[in-house]
Amino acid sequence: MASPTQITASTCCYCGVGCGVLIEHDDEKILGVQGDPAHPANFGKLCSKGSTLHLTGDLDARALYPELRLGKGLARTRSDWDSALDHAANVFAETIREHGPDSVAFYISGQLLTEDYYAFNKLARALVGTNNIDSNSRLCMSSAVVGYKRSLGADAPPCNYEDIEQSDCLLIAGSNMAYAHPVLFRRLEEAKAKRPDMQIIVVDPRRTDTCELADLHLPIIPGSDVALFHGILHILMWEGWIDRAYIEAHTEGFDALKTLVRDYSPQMVSEICGISQDSLQQCARMIGSAPSFLSLWCMGLNQSSSGSAKNSALINLHLATGQIGKPGAGPFSLTGQPNAMGGRETGSLSNLLPGHREAGSAEHRAEVAQYWGVDALPASAGLSAIELFEAVRVGKVKALWIACTNPAQSMPDQNKVHEALAACPFVVVQEAFFTTETCHYADLLLPAASWGEKEGTVTNSERRVSHVRSAVPAPAEARPDWAITTDFARRLEKLLRPGLPSLFDFDHPQGLFEEYKHLTAQRDLDLSGLSYAILDNQGPQQWPFPAGATQGTPRLYGDGRYPTANGRAQFHADSYRAPKEKREARFTLTLNTGRLRDQWHGMSRTGTAARLFGHVEEAVLSLHPEEMRRRRLQSGDLIKVRSRRGSLILPVQADDSIRAGQAYLPMHWGNRFLKGLGTNVLTQPAFDPLSKQPELKHAGVEVEKVELPWTFFALAEDQVQTRFEALRPLFEGFAYANLNLTGRERPALLIRAACAVAPEPELLAQIDRLLGVHEGPVLAYDDPRKAVGKRVRIEDGRITAIRLAGETAARDWLKSLWSEGQADADLRRWLLAPLSTPPGATSGRKASKTLCNCLNVSQDAVCAGIASGLDLDGLKQELKCGTSCGSCVPEIKRLLATAPIAVNA
Ligand SMILES: Nc1nc2c(c(=O)[nH]1)N[C@H]1C(S)=C(S)[C@@H](COP(=O)(O)OP(=O)(O)OC[C@H]3O[C@@H](n4cnc5c(=O)[nH]c(N)nc54)[C@H](O)[C@@H]3O)O[C@H]1N2
Ligand SMILES: Nc1nc2c(c(=O)[nH]1)N[C@H]1C(S)=C(S)[C@@H](COP(=O)(O)OP(=O)(O)OC[C@H]3O[C@@H](n4cnc5c(=O)[nH]c(N)nc54)[C@H](O)[C@@H]3O)O[C@H]1N2
Ligand code: SF4
Ligand SMILES: [Mo]
């Protein structure tokens, strides 16, 4: 029998803030989650994603058993761990024997734990003998890695979270912290409320929620950051706001940079960046006159064909002003994934080795080979993510192991990625959810334990290592990643190095951590003094934490000495280069992509919690109102957006938070939720020459209206995951189809679709059966001549399913009746009449989005409150919105800042 509620302290599995969570469970099931008051990243706070973790992970979506496909074209069938891993070991060994070690590859993830990472690295480099091991961090942090290494000598963010709170001037560039690092943003909000003098500058082409805290927002032309940073330095030099003594004592290369930035006059920079000279001057003055200056950045800088140059140009500003190594100062790259840092530490990019070493260095290879007790590590360069999938596509890589990432959704140029996965002779996918786009291509699917079910360590953005603890056992036959990897490795080594002692003799993640940590000794990240016991007794710790240390290191470079050959930091003088895809007649818009507040990447986990769709319900492309007018588009119209690589059909909306010439699409919708391979069918694989990070934020696109007169709408409660899986393939023939979840207490599947002509009646009948509107308590009106039909299932006086075909004018009205639990006489009258337009004055009015997900407060309710004269505190008191996680507060502030909105407009 399950025991009463237990509490296990662990961490949130989403972003790089690395919040501590207290998991409530009964040893079998996770029942709830709270912020851990003792964790130094969040002190008890959680955001809208962290606080709903217990509502995610529907077992109907989890991978539960190993599944094997015995031949291309066949379906996968259930297997067992022994047969599955033996089979994988045989295929890998044969491929390596026949085609060499570089014919296999591993593609892993910043969401793995440090121990998982370490196991994979040892497997690839020591046992297989290939450097073909790369991770999704290539799409995420690799430009920051290059920036830190070449400017400061080591891949180490020098600051900590308290520095953010203490700083006098913050530059937030290409980071939408309000959505992507919410708890850190809460800490910043509180700090600014206490010290309103603190100056905040946001550099982002869009006016994001993060801008709610900004004293100055610079909506630069996408990709122009290098010019901006050089322009700021130009003014700092001109005004004498640089620290010559610091430059003299601790840096190198300033003269070349000085020569370069002389050309970046305020006039030229204001033209390149599309901002006024005044705001540029103001920005430089804020930085130059601040007692302490700190910068935060994320994907707006990294995901760029000049990502390394952007990183170094920003670090230049800190070196030139001596704003590093002291409280409230320094260049602070925010990491995206919970353990992106751990990946960098353990060497999980093809060009790295464990302990911040280089795969290209013979000396580093020899050190690691000796520690592992193997003759040598491979010298040939490994493939980075984009190169790797291209090598798969052209048949050079013949066996691919993918763990904890969903490249068939998240990589750019999806047509090529899907081609590669379809062509690859053997694809292994180690996944927690079987529903992902990549699982579709798995010849072997290995079910992985996930959040709350596995143990190990992670490092957050401020170099802080936390002990991740498991609360409950993994469901069915799912196993922790380290265990899957080492079990496979032991089988493979029997084939590749028979008779030799095992390199993978681990029966607990702690053994992996203990072995790994010594590889960091005497290196910049030295964490050889850490252990699970220290983390348990003293709490999470920041590296370096060398042997014998009693506490971690909150800040680096206080003495001005850098881990470079001569101890000096290095200025870099890279010229500004425009993004790869220039605007031209066929593609007049630049497509920007990024995150939503309540969704996580490909939505395998967040997409199982219906309420997380309350804030944004469907995939929509945003365009500036002027671009809408130019194309005669109305919000809600279906459009085709196309780039040089592919196209997508979805609705459009007017959005004045972006500028004319730009378009914005969230990154989250892939082929599972949205027909047509998702957002990344449009994005480009062009990458930065040093970091090889692709330019995911600036694709040239064009938009045109499409006429798809036959529309479809459906909503169905119960068994949403099972219905989703069964229904999704039936929409392949539709030009547009978007499947999402909706609701709160009663989650439902929500489908919108459209095509040029009505589909075959048999297809519609099949869809009806899966929606449960084919029989039973269903009211139906069909007009076969017009191919129009409406069906509503009513149980216990409540709507439980809706299906409109051919024409969907009543969809918003019906959906609101459903959500209010009504099925009144109006509904019955409407159902039995040929008319499709809904009755009543409120007809067709779309329910407004849920602003506050914790307390379920809609935007309409907030607007009504504002119209009745409430301010932020009043709204919090009356409606309770923004009083729990606080993620909605920036948006409420924005509504308050605009003129009162009439509620029943
Ligand atoms: N809710 C949520 N949070 C997350 C994640 C998630 O999926 N959902 N993912 C996590 C991960 S892995 C990551 S990497 C982080 C990402 O965190 P962020 O980087 O903060 O998020 P993005 O929305 O990808 O992009 C940030 C901003 O860059 C801007 N931008 C685009 N082009 C440019 C440019 O040329 N210059 C400048 N200065 N800005 C530009 C975009 O308009 C966008 O607002 O979020 C983490 N946190
Ligand atoms: N257009 C566009 N594309 C982007 C970006 C963008 O801004 N714009 N951002 C890029 C960035 S920064 C990133 S980080 C990537 C993220 O891209 P992905 O790595 O593809 O994102 P996720 O959907 O988080 O994939 C993680 C997978 O691991 C699975 N999983 C969860 N827990 C576990 C576990 O414990 N073990 C195992 N084995 N599996 C588990 C999840 O179900 C999920 O499918 O996307 C990139 N792609
Ligand atoms: S800020 Fe939110 S998503 Fe990030 S770690 Fe904390 S609770 Fe998780
Ligand atoms: Mo990321």
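Our subject is the structure that appears above.
Procedures and definitions
- Residues numbered from 1 in each chain as written.
- Chains lettered and ligands numbered in written order.
- Predicted model: local features only at pLDDT ≥ 70, side-chain atom pairs only at ≥ 80, totals over all residues.
- Heavy atoms only, no water.
- Pairing = 2+ DSSP bridges.
- Helix = DSSP H or I, 4+ residues; strand = E, 2+ residues; numbered from the N terminus.
- Axes fitted to C-alpha atoms, helices over the stretch in contact; angles between N-to-C directions.
- Phe/Tyr/Trp six-rings, centres within 6.5 Å; stacked < 30°, edge-to-face > 60°.
- Lys NZ or Arg CZ within 6 Å of the ring centre and 35° of its normal.
- Near = heavy atom within 4 Å.
- Polar contact = N/O pair within 3.5 Å; in protein donor to acceptor, adjacent residues only side chain to side chain.
- Domains from an automatic or database assignment.

*Asks:* Outline the sheet that holds strand E3 (residues 30–35), supporting the account with residue identities and numerical values.
*Replies:* As summarised here, the arrangement of the three strands in space is E1-E2-E3, forming an open sheet in which the pairing is antiparallel. Lying at the two open borders of the sheet, with one neighbouring strand each, are strand E1 (6–11) and E3. Neighbour to neighbour, the strand axes of the sheet diverge by 30° on average, direction disregarded. Across six bridges, the pairing between E1 and strand E2 (residues 20–25) is antiparallel. Counted as the bridge partner of isoleucine 7 is glutamate 24 from E2.

*Asks:* A description of the packing of aromatic side chains should follow, citing residues and the corresponding values.
*Replies:* Tallying each qualifying case throughout the model produces 25 aromatic pairs. Ring geometry for phenylalanine 254 versus phenylalanine 571: centroids 4.9 Å apart, planes at 55°, classification tilted. Residue phenylalanine 254 is found in helix H9 (residues 254–262), and its partner phenylalanine 571 is found in the loop between strand E22 (569–570) and strand E23 (589–594); the two are separated by 317 residues along the sequence. Here the aromatic residues Phe92, Phe106, Phe120, Trp401, Phe426 and Phe488 are joined through ring pairs into a cluster of three or more. Its end group placed over the ring of tryptophan 543, arginine 463 keeps NZ or CZ at 5.9 Å from the ring centre. Lying across the ring of phenylalanine 724, arginine 672 places its NZ or CZ 4.0 Å from the centre.

*Asks:* Got a sec to walk through the environment of alanine 585? Specific residues and values, please.
*Replies:* Here alanine 585 is to be found in the loop between E22 and E23. Sequence separation between alanine 585 and glutamate 390 is 195 residues, and the spatial gap between their C-alpha atoms is 29 Å.

*Asks:* So, the site of ligand 1: which residues are in play, and what are the values?
*Replies:* Contacts to ligand 1 come from 34 residues, most closely from Asp204, Gly223, Asp225, Arg595 and Gln599. At a separation of 2.9 Å, an oxygen atom of ligand 1 approaches a polar side-chain atom of arginine 206. In the environment of ligand 1, a nitrogen atom lies 3.1 Å from a nitrogen or oxygen atom belonging to the backbone of arginine 597. Of all elements in the fold, only helix H5 (177–180), helix H12 (299–302) and E23 reach the threshold of two or more residues within the shell around ligand 1. Counting only domains with at least three residues in the shell around ligand 1, you end up with domain 3 (142–333) and domain 4 (589–705).

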